[in-house]
Amino acid sequence: MNQEFEFPKIQISREGRIQEFLERGGIPPSEIHANPSHLDEQIRRRIESLLTDLFMKTRPNAVLLVGTTGVGKTYAMAAFAKLVFGKRYGSHTPEFIESSKLPLLWRSVPDLVAEWKSMALRAADQERFLQRFLHVDYLFLDDLGAEMKERGGREADKGLAFVERVIRHRYDHFKPTSCTTNCNAEALLLRYGAPVFSRLQHMSMWIEFPKGSRDRRLQPRNPIQ
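Here the residue index of a chain counts from 1 through its sequence in written order. Under the rules for a predicted model, residues below a pLDDT of 70 receive no local features and side-chain atom pairs below 80 are neither given nor counted, while totals for whole chains, interfaces and linings still include all residues. Excluded from the side-chain calculation are hydrogens and water; included are all heavy atoms of the structure.

1. Some details on the nonpolar core
Item 1. Ranked by size, the top nonpolar core spans 33 residues in total, and within it L22, F80, F85 and F140 carry the most contacts.
Item 2. Secondary-structure elements contributing two or more residues to this core are helix 1 (14–25), helix 2 (41–50), strand 1 (62–66), helix 3 (73–88), strand 2 (104–108), strand 3 (138–144) and strand 5 (204–208).
Item 3. Whether two residues are in contact is decided by their heavy atoms: any pair within 4.5 Å suffices. Discounting chain neighbours no more than four positions away, the residues touching L22 are I27, I32, A81, K82, F85 and L104.
Item 4. Buried residues of nine kinds, namely Ala, Val, Leu, Ile, Met, Phe, Trp, Tyr and Cys, make up a nonpolar core once their side-chain atoms join them within 4.5 Å. For each residue, the accessible area found with a 1.4 Å probe, counting protein chains only, is set against the maximum for its type, and the residue is called buried under 20%, exposed over 50%, and partly exposed in between. In terms of nonpolar packing, the next biggest core, distinct from the first, is built from 31 residues, L64, L105, L112 and L134 among them. The helix and strand labels rest on DSSP assignments: H or I over at least four residues marks a helix, E over at least two residues marks a strand, and numbering proceeds from the N terminus.

2. A word on the sheet that holds strand 5
Item 1. The strand order across the open sheet built from five strands is 2-3-4-1-5, with neighbouring strands paired in parallel fashion. Each edge of the sheet is formed by a strand with only one pairing partner; in this case those strands are strand 2 and strand 5. Going from strand to strand, the sheet's axes swing by 10° on average, the running direction of each strand aside.
Item 2. For two strands to be treated as a pair, DSSP must find no fewer than two bridges joining them. In this sheet, strand 4 (residues 177–181) lies alongside strand 3 in parallel orientation, the contact comprising four bridges. Bridge pairing in strand 4 links F140 to S178.
Item 3. Lying over the sheet, helix 2 contacts strand 1 and strand 5, oriented at roughly 175° with respect to strand 5.
Item 4. Docked against the sheet, helix 9 (residues 194–203) engages strand 1, strand 3, strand 4 and strand 5, running at close to 85° with respect to strand 5. Convention adopted: a line fitted to C-alpha atoms gives each axis, helices being fitted over their contacting stretch, and angles between N-to-C directions are expressed from 0 to 180 degrees.

3. Considering the packing of aromatic side chains
Item 1. Any pair of Phe, Tyr and Trp rings, taking the six-membered ring for Trp, is counted once the centres come within 6.5 Å. Such a pair is stacked with planes under 30 degrees apart, edge-to-face with planes over 60 apart, and tilted for the rest. In the structure shown here, the tally under the stated rule is eight aromatic pairs.
Item 2. Pairing F197 with W206 gives two aromatic rings, centres 5.9 Å apart and planes at 80°, and the pair type is edge-to-face. Each member of the pair, F197 as well as W206, is classed as buried.
Item 3. The ring centre of Y171 lies 4.0 Å from the NZ or CZ of R59, which sits over that ring.
Item 4. Charge over a ring is defined by NZ of Lys or CZ of Arg lying within 6 Å of the ring centre and within 35 degrees of the ring normal. Its end group placed over the ring of F174, R59 keeps NZ or CZ at 4.0 Å from the ring centre.

Right, here's the structure in full:
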């Protein structure tokens, strides 16, 4: 007598569910396996110190990683995201995590602004798109300040207006918003203006990579044997 074969159910661990959150949230495949233990010790300690008060309405409640191209800012922010969700869901069952709404979004700021601008003739779509980034629990913005600037000055730049609205709203509602940037403090102030710069400075733990840090992508590699 033939019986229908049933595949065994695969049990996914709590760590596996957290990994799913990170992937669905948009963390790049190149950074999804970022390991906090691989960070520079001083940077790792500062990031870990922020986790204590991260889930309460306190300042700072996010990180802003500052440094030149290729020093590891995106990797460090991905490692921070892992620490955040490991702490948030450390005592929950995998089933609870699976049923939770997606609590994070990760986007490259140049891509984010370009997508928003592409909806310029569809105001309703544009507003719905914006609302996702205003209200998600945790927002991770990569390459802040790298979006294309429009002619006509800061007041006429729709891309900057988008970033400003996101930062202002999330600051006012204690929504953690972590960023990476190649810009120093002076450049951020000039680009976004004092109101946004002030909020970024107050809501974020600023972590600067040492000056003279090498581009990790350009490090010499051992030849394939």
